[in-house]
Amino acid sequence: MELNLCGLSCPLPVVRTREAWQKLSGGEELRLVVDSPVAKENVLRFLENSGGKVEKVEEKDGVTVISVRK
Amino acid sequence: MLKRNFIVIAGVVIGLVALVLAAAGNPPNMALCAACFVRDMAGSLGLHRANTVQYMRPEIIGIVLGAFVTSLATKEFRPRGGANTAVRFLLGFLVMVGALVFLGCPIRLILRLAAGDLNAFVALLGLIAGVFVGVKLLAGGYYSGRSNPEKGGIGGLLVPAAMVIFLLLLIAKPVFNPQAGGPLFFSKEGPGSLHAPLLFSLVGGLVVGVVAQRSRLCLVGGIRDLLLLRDFHLLKGFVSIFAVVFLGNLIMGKVNFAFAGQPIAHTAHLWNFLGMFLVGLASTLAGGCPLRQLILAGEGDYDAGMYVAGLFAGAAFAHNFMLAASPKGVTVYGQIAVIAGIIVAVIIALVSREVYREG
C-alpha cells in the first residue's frame, strides 16, 4: 500500500498513517510519501512507537519515501 | 537521543527567556504571549484604539525572524500554501477572540499557571477539552487541505518581510502625522507600556524562534498528540517551560496560589474555560498553537501567514467590538463571540469532511 502525504499539514500525515497502519496485516509493506521534514519526523516517530520495521528511507528533491513493514 | 530530547531543551530555554523578559520589564505573568503581543502590535499599528495595549512587540518579530533564518540555514524554508487558506485566516481570528476572552495564549497560560494563577488551571481544562473535541473531529475525517510549493515564493516571504518592516519602524520611530500620531502608536499606561528593552526582547524572541523551529514545539500539538496518539513527545516542551518558570518564580517568591488578584486576569471561570476551549478547538483544526503558526509563517508557509493575519484581524475586532475581556471580567459581546466562535469552528470541521473522502 502507498500513501501520498505530501502537502498535508500537521497532524494529518500521522492520522492517515495510523489509519493505514491499523488496516495493514502482519508482514505487509506500507510506503509513505512525505514532502516536509516535520511530517517525516512525526511519521517516523509514530512508526517507531508502533513497532514498525522501517526498511528504507529514500530522499530525492525534497520528497521522502518511507518503506515500512508491519 | 539529543534530537529526541531537544524538545525539553527548547522548553527550558523558552522558560529561561520568559524569566529574563519578566525581570527586564515585560508585563506581569506576560513575559511571552503570542496572542497578547500580536494584539499589542495590532494596537501599535492603529488597528484598534485600546490605548493601554499598543506596542510593537519585538518578541514576535524575533520569533518569526528566528524561524526564518533557521529554516534558511537548515534548507527548510519552503514557500508553500493553498491548503484552505481562507479558513486558516478565520481560524486565526477565532483563536484570537478566544485568547482575548481568557487573556492569553497557551504560552501565557503556562506562565500564569507557573505563577500560581488558578484561573489558568480552569483555562487549561478548557484548552484540553477544546483539543479533545478537535481530535474527535480529526478522527471523524476533518481535512485541512493540501499545500503546494509556491512558484516565486512571494507569499512565503510576506510575514518575515512584514516583521522586518515593523522592526525598522520600531527602531526609527518615524512620525507621519504630528497631530494624530503614527505610523506606530505606543501605550503610555497599562500592559502595553510595560516592556523589556528592545534589544532584550528582540534577542529573546530570536532565541525562542530558533529553538521552537528546531524542536517543532507546539503546545496545542502536545495535548493533541497525547490524546490522539498517546505520544508524550511534544508535551515535554510544555512541561519543561512550566517547570523552569515555576522554579524561577518560586526562588523569586513570585508564586501566589489564588484565583483573585492575579495580574491581567479575571475570575469568570466559565469564560476562562470556554475562551481556551475555543483556542484549543480552532488551533487543533489549524494544525497548531499560535506560536507554532508564527514559526511556520517564518518557514514560508503562507497558510500559516494568513492565520497570523487572522490573529491581527481578530485582535482589532476583539477590541473595537468590545469582545476582549479585562481584569473586570468578560463583556456580553465577548461571551456571544466565544459561543459563536465555537459553533463556527465545529461547522468548519464538519463541512470539510466530504473533501477528505474525495482526497
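One can find the structure itself at the top, above this paragraph.
Sequence order as written defines residue numbering, which begins from 1 separately in each chain. To label them, take the chains in the order written and letter them from A, then take the ligands in the order written and number them from 1. Residues qualify for local features only when their pLDDT is at least 70, as the model is predicted, and side-chain atom pairs are given and counted only at 80 or more; totals for whole chains, interfaces and linings, by contrast, use all residues. To get the side-chain values, take all heavy atoms of the structure and skip hydrogens and water.

What counts as a helix is a DSSP run of H or I of at least four residues, what counts as a strand is a run of E of at least two, and both are numbered from the N terminus. When you go through chain B residue by residue, the secondary structure sums to 15 helices and 2 strands. C-alpha atoms define the radius of gyration in this analysis, and the globule rule sets the expected value at 2.2 Å times the number of residues to the power 0.38. Taken over C-alpha atoms, the radius of gyration comes to 19 Å for chain B, in line with the 21 Å a tight globule of 359 residues would show. Dimensions of chain B along its principal axes, counting C-alpha atoms only, are 55 × 45 × 45 Å. Across the 359 residues that make up chain B, the buried fraction comes to 59%. Accessible surface for chain B amounts to roughly 13600 Å². Of this, 72% is attributable to carbon and sulfur atoms. For the charge count, each Lys or Arg is scored as positive and each Asp or Glu as negative, with His and the chain ends excluded. The atoms used to mark charge sites are NZ of Lys, CZ of Arg, CG of Asp and CD of Glu. Of the charged side chains in chain B, 26 are positive and 13 negative; the average position of the first set lies 3 Å away from that of the second. Three labels apply to residues, based on accessible area from a 1.4 Å probe with only protein chains included: buried if under 20% of the type maximum, exposed if over 50%, partly exposed otherwise in between. What sets the accessible areas is the Shrake-Rupley method with a 1.4 Å probe; for residues, cover comes only from the shown protein chains.

So, on to the packing of aromatic side chains. All names here are of chain B. Working definition: a ring pair exists when centres of Phe, Tyr or Trp rings (six-membered ring for Trp) sit within 6.5 Å. Plane angles under 30 degrees give stacked, over 60 give edge-to-face, the rest tilted. One pass over the structure, following the stated rule, counts 7 aromatic pairs over all chains. Judged by centre distance (6.0 Å) and plane angle (55°), the ring pair of Y55 and F186 falls under tilted. Of this pair, Y55 sits in the loop between α2 (34-44) and α3 (58-73) while F186 is found in the loop between α7 (154-172) and α8 (198-215), placing the two residues 131 residues apart along the sequence. A centroid spacing of 6.3 Å and a plane angle of 50° characterise the contact between F246 and F257, whose relative ring orientation is tilted. Taken together, the residues F246 in helix α10 (residues 235-251) and F257 in the loop between α10 and α11 (269-286) connect sequence positions 11 residues apart. On the accessibility criterion, F246 (22% relative accessible area) is partly exposed. The exposed category is assigned to F257, whose relative accessible area is 56%.

Residues and elements named next belong to chain B. Inspection of the secondary structure puts F200 in helix α8. For F200, a relative accessible area of 44% corresponds to the partly exposed category. For the pair F200 and L169, spaced 31 residues apart in sequence, the C-alpha separation works out to 17 Å. Contacts are assigned to residue pairs that have any heavy atoms within 4.5 Å of one another. Beyond its immediate chain neighbours, meaning those up to four positions away, F200 contacts V20, L21 and A24.

Listed by partner, the interface residues are 23 residues for chain A and 22 residues for chain B. Both faces considered, chain A and chain B share a buried interface measuring about 2000 Å² in area, 46% of it formed by carbon and sulfur atoms. The salt bridge criterion pairs a side-chain nitrogen of Lys or Arg with a carboxyl oxygen of Asp or Glu, the two atoms within 4 Å. Viewed at the interface, chain B and chain A are joined by 2 salt bridges. Between E41(A) and R216(B) there is a salt bridge, with the nearest N and O atoms lying 2.7 Å from each other. Counting only elements with at least two residues in the side of chain A that touches chain B, the list comes to α1 (12-23) and α2 (37-49) of chain A. Residues that form the side of chain A that touches chain B fall into these classes: 11 nonpolar, 5 polar and 7 charged. Buried area is understood as the total, over both parts, of accessible area removed when two parts are fitted together, assessed with a 1.4 Å probe. Note that Gly is not counted as nonpolar here; it falls among the polar residues with everything else outside the nonpolar set of Ala, Val, Leu, Ile, Met, Phe, Trp, Tyr, Cys and Pro and the charged set of Asp, Glu, Lys and Arg.

Attention now moves to the pairing of strand β2 (residues 29-34) of chain A. Consecutive side chains of a regular strand alternate in pointing toward one face of the sheet and then the other. Residue and element names in this part refer to chain A. Between any two strands, pairing holds if DSSP finds at least two bridges. Here strand β1 (residues 2-4) runs beside β2; their pairing, made up of 3 bridges, is parallel. If you follow N4 over to β2, its bridge partner there is V33. Handedness of the crossover joining β1 and β2 through α1: right-handed. One ladder, built from 6 bridges, connects β2 with strand β4 (residues 63-69); its direction is antiparallel. Within β4, the position partnered with L32 by the bridge is I66. Crossovers are described as right-handed under a simple rule: with the strands pointing away from the observer, the path leading from the first strand over the helix to the second runs clockwise.

This brings us to the side chain of S187(B). Residue and element names in this part refer to chain B. By the secondary structure assignment, S187 is in the loop between α7 and α8. At a separation of 3.3 Å, a polar atom in the side chain of S187 contacts the main-chain carbonyl oxygen of T52. Not counting residues within four places of it along the chain, the set of residues in contact with S187 comprises N51, T52, V53, Q54, G192 and S193. Under this definition, polar contacts are N or O atom pairs within 3.5 Å; protein pairs additionally need one hydrogen-donor-capable and one acceptor-capable atom, and for neighbouring residues in sequence, both atoms have to be side-chain atoms.

The next thing to look at is the packing of α3(B) against α8(B). Residue and element names in this part refer to chain B. One can describe the packing of α3 onto α8 by two numbers: an axis separation of 6 Å at closest approach and a directional angle of 40°. Comparing the axis directions of α3 and α8 gives the class oblique. The two elements α3 and α8 cross, and the hand of that crossing is right-handed. Two secondary-structure elements touch here, α3 through P58, E59, I61, G62, I63, L65, G66, A67, T70 and S71 and α8 through L198, S201, L202, G205, L206, V208, G209, V210, Q213 and R214. Of the residues that constitute the contact of α3 with α8, the class distribution is 10 nonpolar, 8 polar and 2 charged. With axes taken as lines fitted to C-alpha atoms, and helix axes fitted only over the stretch in contact, angles between N-to-C directions fall between 0 and 180 degrees. Angular relationships are summarised with four words: roughly parallel below 35 degrees, roughly antiparallel beyond 145, roughly perpendicular across 65 to 115, and oblique for the angles in between. The hand of a helix crossing depends on one turn: near helix anticlockwise from the far one by less than a right angle means left-handed, and clockwise means right-handed.

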